[in-house]
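Observations on the model geometry
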Amino acid sequence: VFLRSWRATVVPAVAVVVSLLGTLGVMYLAGFSLNNLSLMALTVATGFVVDDAIVVLENIVRHIEDGMPRREAALKGAKEVGFTVLSISISLIAVFIPLLFMGGIVGRLFREFAITLSASVMISLVISLTTTPMICALLLKDKAEATPGRLSRGIEAGIDATVRGYMRALDWALDNAGLVLLILGATVGINIYLWAAIPKGFFPEQDTGSVNGGVRIDQRASFAASSDKLTRLTTIVAHDPDIATVVGFTGGGGSRGGGGGYAFAQLKPKGVRASGSNAVIARLRPKLGRVTGAALFLSPVQDVRIGGRQSNATYQYTLSGDDADTLPGYADKMVAILKRSDVLTDLDADTQQNGVETYLTVDRDRAARLGVTARDVDNILYDAFGQRGVATIYSDLNQYKVVMEAAPPFRLNPQALAMIYVPANAPQGAARGGGTSAVGGGSIIGATATSPQNATAPSAGSNADVQASGSALSAVPSTMVPLAAFSRYETRASASSINHQAGSPAATITFNLAPGKSLSDATPVIADALAQINAPASVHGSFAGTAKAFEDSLSSTPLLILAAIVVIYLVLGMLYESLIHPLTVLSTLPSAGVGAVIALLASGTEFSIIALIGVVLLIGIVKKNAILIIDFALAAERDEGLPPREAIVRASLLRFRPIVMTTLAAVLGAVPLAIGWGEGAELRHPLGIAIIGGLLVSQVLTLLTTPVVYLALDRFRRRSPTRTAARLHPEFA
């Protein structure tokens, strides 16, 4: 559109395709994979790698429009902007140097992103200075051959009108330099204010189409009772119209240290269901709350979740201390305080102080008089509650393990111990691990035999063999003694588990964020709750897992941005061999920061690690406008002897078209990230939003502020003591 030629469109298109294909080659050699982060880098690269080609192409086309033959225009145009393109690319790559040295898992995640994008920019630099001029010389038409149509003339008239409007605005800015510099200084203050005001998070919360959750069940409940509670909870989840499948587990690895379990639900595809994962969870929360004695804490499954212990929610805060007995009390107090906040939800603690243990005390003297040994007692208890395998049923195709246990109604509470009978005066041959009191002796009221595979055992008339294990069906003693005749039992409260962190007892509080809240909102709430529980100095609190990584990244973010700015200044200082001109380039950065944060606030997006990467990219992108203007202004002063104001005005007008073209290319390259849909697209949104907002605002401001800053710094440079000494003593100049 800007160059009014389809032939000109082919030139940067070739640069994009070749640069991306070359980047894939670098990724292959580096052992990278195509994943969310590397694909984000490639998507952003489509808007960046085209910049170099556009700068070269536009300069060549400008000479052709002035009547120069295309081959000569290609050589001259590429030569004029060669240093400019080099400065843009090298300074952009320099931005990623701090990313490459980031520590922790965040640094490992974005090292691949930075290397991928850097490789694409370097390949684009080579293509733009070699292939692009060659294609221009072969493909573009000379001015005499071009016959612009009505549409082309209309577009050209519109661009000319825009340039004239910019020229008037530029004259006003240069005549009111003090006001423009004041506005530039205000943007720095606005940046600080917006940074403090914007909600901050770690990674954007994604809707991946999956939801998981931990189940908290009364620790005194038996396995059978826990299974019943879990079934009721999963049934409620399964009946939600947006849930496709749900599965739950209790006991074993899914248990959270005591009575508990685990549930996983798969939502219907985004195009089918009406609600997002958070809306589904909010809809289920009150329904699940009506199940007494159990709680299911649901949270969306995230692509990135860092560290921490297995828990019932996304974020964790850990209390650690020296006294394992008093620490759970402080954790429970803190949970009670936090539940009154509207920032946190799904609060839970992994303290396991409500467990119940049943202790059986055997009167050994009385048992001996009755002819009962301790081994007999152990065996009969294992028969009743230990799920002993007593036989194997063999069929033609399969084999079935027979497991003996007390019937379910007799395993629910300790009162079943009163119904247990133990064999007395057991013969020596029947002393195998407890089978003497099994099926035939009636020693366990309601004993049943089941198959763990839930398979149907073969019928009596089938061709099957039954092989008993040991002496489970051997001779049964004639005397059975009630267990209660020589023992008694009592129940005691007990800690089901005691967690530790760094060798000290620890209690972890888990939580999710309420809708519209961020981790930066949760931090002061948790700090205030910790102060209210009046814990002794020996009790320490700290974030863990993802929340800990967020806290670390929050403290390192300003240093990362500062490091990127310092690196760019050093690189530009070496390229320009000047301490002043890099400051002119860096003056474009405040407007980019304001634009990025305003765009995030307007879209309701929190400032996350992904948005931080967008800001770092902006630092490398927006300086391009200043570099394009400064290079031409310096050349006009050096080669044609123009005064600074005339040189900067001329450079600004000549570079207006490529500046607008490259900015729009970068903006359009970020649009797919900002508006992308599909499972987990929320991870990419902040990057696109930050880039678009920063580029649009900086485009408007830097076109006016860069010339003003250039002249102000030029006057400062001319008044510096070094210049004064050079005028007074030419021999030292």
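The present account deals with the structure reproduced in this document. No experiment lies behind these values; they were computed from the predicted model shown.

**Brief notes about the pattern of salt bridges**
A complete count under the given rule lists 14 salt bridges for this structure. The partner of Glu58 in a salt bridge is Arg655, with the nearest N and O atoms 3.0 Å apart. Highlighted residues: Glu58 in helix α2 (residues 36-65) and Arg655 in the loop between α19 (644-654) and α20 (656-675), separated in sequence by 597 residues. The same class applies to Glu58 as to Arg655, namely buried. Two residues, Arg273 and Asp207, come together in a salt bridge whose shortest N-O distance is 3.0 Å. Of the two residues, Arg273 is situated in the loop between β3 (260-267) and α9 (277-288) and Asp207 in the loop between α7 (177-197) and β1 (210-217); the sequence distance between them amounts to 66 residues.

**Let's talk about helix α21 (residues 685-719)**
The end-to-end C-alpha distance of α21 is 48 Å, a good match for the 51 Å that 35 residues give at a rise of 1.5 Å each. Considering bend angle alone, the principal kink of α21 is centred on Thr702 and spans about 45°. Among the 35 residues in α21, 25 count as buried, and that is most of the element.

**Quick notes on the sheet that holds strand β2 (residues 243-250)**
The strand order across the open sheet built from four strands is β2-β3-β1-β4, with neighbouring strands paired in antiparallel fashion. One side of each edge strand has no neighbouring strand; the edge strands of this open sheet are β2 and β4 (294-300). For this sheet, the mean angle separating the axes of adjacent strands, direction not counted, is 20°. With seven bridges connecting them, β1 and β4 associate as antiparallel partners. Looking across to β4, one finds that Ile217 is bridged to Ala294. Here helix α8 (residues 223-238) sits on the sheet in contact with β1, β2, β3 and β4, set at roughly 170° to β2. Of the strands in this sheet, β1, β2, β3 and β4 touch α9, which is tilted by about 175° from β4.

**What about helix α18 (residues 623-640)?**
A rise of 1.5 Å per residue sets the reference length of α18, with its 18 residues, at 26 Å; its end C-alpha atoms lie 25 Å apart and thus fit the reference within 8%. Counting buried positions along α18 yields 14 of 18 residues, so the element is predominantly enclosed. Gly641 sits one or two positions beyond α18 and adopts a positive phi of about 70°.

**Quick notes on the nonpolar core**
Among the nonpolar cores identified, the biggest contains 144 residues, and Phe511, Leu617 and Leu687 are the most heavily contacted of them. In terms of residue count, α2 provides more of this core than any other element does, 16 residues in total. Core analysis: the second largest hydrophobic core is formed by 18 residues, Val215, Leu267, Leu284 and Leu296 among them.

**Things to note about the pairing of strand β16 (residues 504-513)**
The buried count for β16 comes to nine of 10 residues, which makes it a mostly enclosed element. With six bridges joining them, strand β5 (residues 315-320) and β16 adopt antiparallel strand pairing. By the bridge assignment, Thr318 is partnered in β16 with Thr508. In the sheet, strand β6 (residues 344-349) pairs with β16 via four bridges, with the strands oriented antiparallel. Bridge pairing links Asp348 to Thr510 in β16. Sheet topology note: the strand β15 (residues 500-501)/β16 ladder contains two bridges and is antiparallel. Bridge assignment links His500 to a residue of β16, and that residue is Pro505. Where β15 folds back on β16, the antiparallel hairpin that results is connected by two residues, among which Ala502 adopts a positive phi of roughly 55°.

**Section: the side chain of Glu405**
Looking at the element boundaries, Glu405 is found in strand β9 (residues 399-406). One polar contact links Glu405 to Gln387, side chain to side chain, over a distance of 3.2 Å.

**Structural notes on the packing of aromatic side chains**
Taken as a whole, this structure holds six aromatic pairs when the rule is applied. Ring centres of Phe202 and Phe203 lie 4.7 Å apart, and the angle between their planes is 85°; on these two criteria the pair is classed as edge-to-face. You'll find Phe202 and Phe203 in the same group, each marked buried. On the basis of an interplanar angle of 80° and a centroid distance of 5.2 Å, the ring pair of Tyr317 and Phe543 is categorised as edge-to-face. Within this pair, whereas Tyr317 is found in strand β5, its partner Phe543 is found in strand β17 (residues 540-544), the two being separated by 226 residues in sequence. Residue classification places Tyr317 among the buried residues on the basis of a relative accessible area of 6%.

Cut-off values and rules
- Residues numbered from 1 in each chain as written.
- Predicted model: local features only at pLDDT ≥ 70, side-chain atom pairs only at ≥ 80, totals over all residues.
- Heavy atoms only, no water.
- Salt bridge = Lys/Arg side-chain N within 4 Å of Asp/Glu carboxyl O.
- Helix = DSSP H or I, 4+ residues; strand = E, 2+ residues; numbered from the N terminus.
- Buried < 20%, exposed > 50% of the residue type's maximum accessible area, 1.4 Å probe, protein only.
- Expected span 1.5 Å × (residues − 1).
- Bend = angle between axes of the 7 residues up to and from the residue.
- Pairing = 2+ DSSP bridges.
- Axes fitted to C-alpha atoms, helices over the stretch in contact; angles between N-to-C directions.
- Contact = heavy atoms within 4.5 Å.
- Core = buried A, V, L, I, M, F, W, Y, C linked by side-chain atoms within 4.5 Å.
- Polar contact = N/O pair within 3.5 Å; in protein donor to acceptor, adjacent residues only side chain to side chain.
- Phe/Tyr/Trp six-rings, centres within 6.5 Å; stacked < 30°, edge-to-face > 60°.

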